[in-house]
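Each chain, written out:
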Amino acid sequence: MVAGGQNLSRMQQNSSSLILWRHPFVSMTVTVDFSRYKGFVFDLDGTLIDSMPFHIRAWQQVANEHGFAITPDFIYDRGGFSSRNIVRDMAKEGHDVGSVEDFVARKVQLYRDHIQEVPLFPEVFQILKEAHERGAKTAIGSGTQRKNVVDILAIHHIEHLVDVIVSADDVTEHKPRPETFLQAMRLMGVTPEQTLVVEDGKPGIQAAAAAHADCLIVDRGSFVELVKA
């Protein structure tokens, strides 16, 4: 992951929708014409909000309580996975996780103890805000629980900017399967060809490809690559 949040001054806006992004650490420019999209689906954790340090701290504490350790990369590699599937992967690696439901509940409790502290990534928030102002449909497509999405939107007073929420509670096949994004598109009333997915995690990027939607890959607020369907 790229260290540190980025500054909006790194984005140059040539019109109301054409964005040139100069990556702060890599000699590259990503150009995105947002006006061509009628629907936007945003991953939440690590994409719209800078929550991964909070999630990792919670996961590591619960793992420690069960007598084993996990690395940050273990969680980053599973960005977009449901919490239950993350715990099941821990069990597959030989760790004694006890009850999956209890493990997840404890992790959720620890994360939610600090949910008020989780900030937005301003660059990605700007995409959401301007999409709403242009009349495009917007959705959150996340592997987290619905209550976490609802609370984050309320904490930052941005509920009015989001038309649709598809959470881990709303699908049976989680990322990297495309169900999250396909359901969001259906509820927004747009086709994959009309949709831009904004993602930071490998499973979400794979899910966008499986849904046949363009995907803007971001890394801690930096635009990394626009992957065409």
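Since the structure is predicted, the reported quantities are computational estimates derived from the model, not experimental observations.

For the protein chain, the helix and strand inventory stands at eight helices and nine strands. Counting every position in the protein chain, which comprises 229 residues, the buried fraction comes to 52%. Residue pairs in contact within the protein chain that sit at least 24 positions apart in sequence constitute 62% of those at least 6 positions apart.

Geometrically, a pair of aromatic rings is defined through the distance of the ring centres and the angle of the planes. Summed over all chains, the structure comprises five aromatic pairs. Taken together, a centroid distance of 6.3 Å and an interplanar angle of 15 degrees make the contact between Phe-40 and Phe-42 stacked. The pair Phe-40 / Phe-42 is uniform in exposure class, with both members buried. Sitting over the face of the ring of Phe-74, Arg-78 holds its NZ or CZ atom 3.7 Å from the ring centroid. Directly above the ring of Tyr-111 sits Lys-107, whose terminal nitrogen or CZ lies 5.1 Å from the centroid.

Once that is clear, we can look at helix α7 (residues 179-188). Taken residue by residue, α7 has Thr-180, Phe-181, Gln-183, Ala-184, Met-185 and Met-188 as its buried positions. Structurally, α7 contributes buried residues whose contacts are with β4 (39-42), β5 (137-141), β6 (164-166), β7 (195-199) and α8 (202-210).

Let's shift gears to the confidence of the model for the protein chain. Summarising the model, the protein chain shows a mean pLDDT of 89, and 88% of its residues fall at 70 or more. Predicted confidence is poor over residues 1-16, with pLDDT under 50, and the contacts of this stretch with residues over four places away or in other chains come to 44 contacts.

So, on to the sheet that holds β6. Strands sit in the order β6-β5-β4-β7-β8-β9 across an open sheet of six strands; the sheet is mixed. Lying at the two open borders of the sheet, with one neighbouring strand each, are β6 and β9 (222-227). With direction set aside, neighbouring strand axes in the sheet form an average angle of 20 degrees. Strand contacts of helix α5 (residues 122-134): β4, β5, β7, β8 (214-219) and β9, with the helix running at about 150 degrees to β4, the strand carrying the most contacts.

Criteria and thresholds
- Residues numbered from 1 in each chain as written.
- Predicted model: local features only at pLDDT ≥ 70, side-chain atom pairs only at ≥ 80, totals over all residues.
- Heavy atoms only, no water.
- Helix = DSSP H or I, 4+ residues; strand = E, 2+ residues; numbered from the N terminus.
- Buried < 20%, exposed > 50% of the residue type's maximum accessible area, 1.4 Å probe, protein only.
- Contact = heavy atoms within 4.5 Å.
- Phe/Tyr/Trp six-rings, centres within 6.5 Å; stacked < 30°, edge-to-face > 60°.
- Lys NZ or Arg CZ within 6 Å of the ring centre and 35° of its normal.
- pLDDT = per-residue confidence, 0-100.
- Pairing = 2+ DSSP bridges.
- Axes fitted to C-alpha atoms, helices over the stretch in contact; angles between N-to-C directions.

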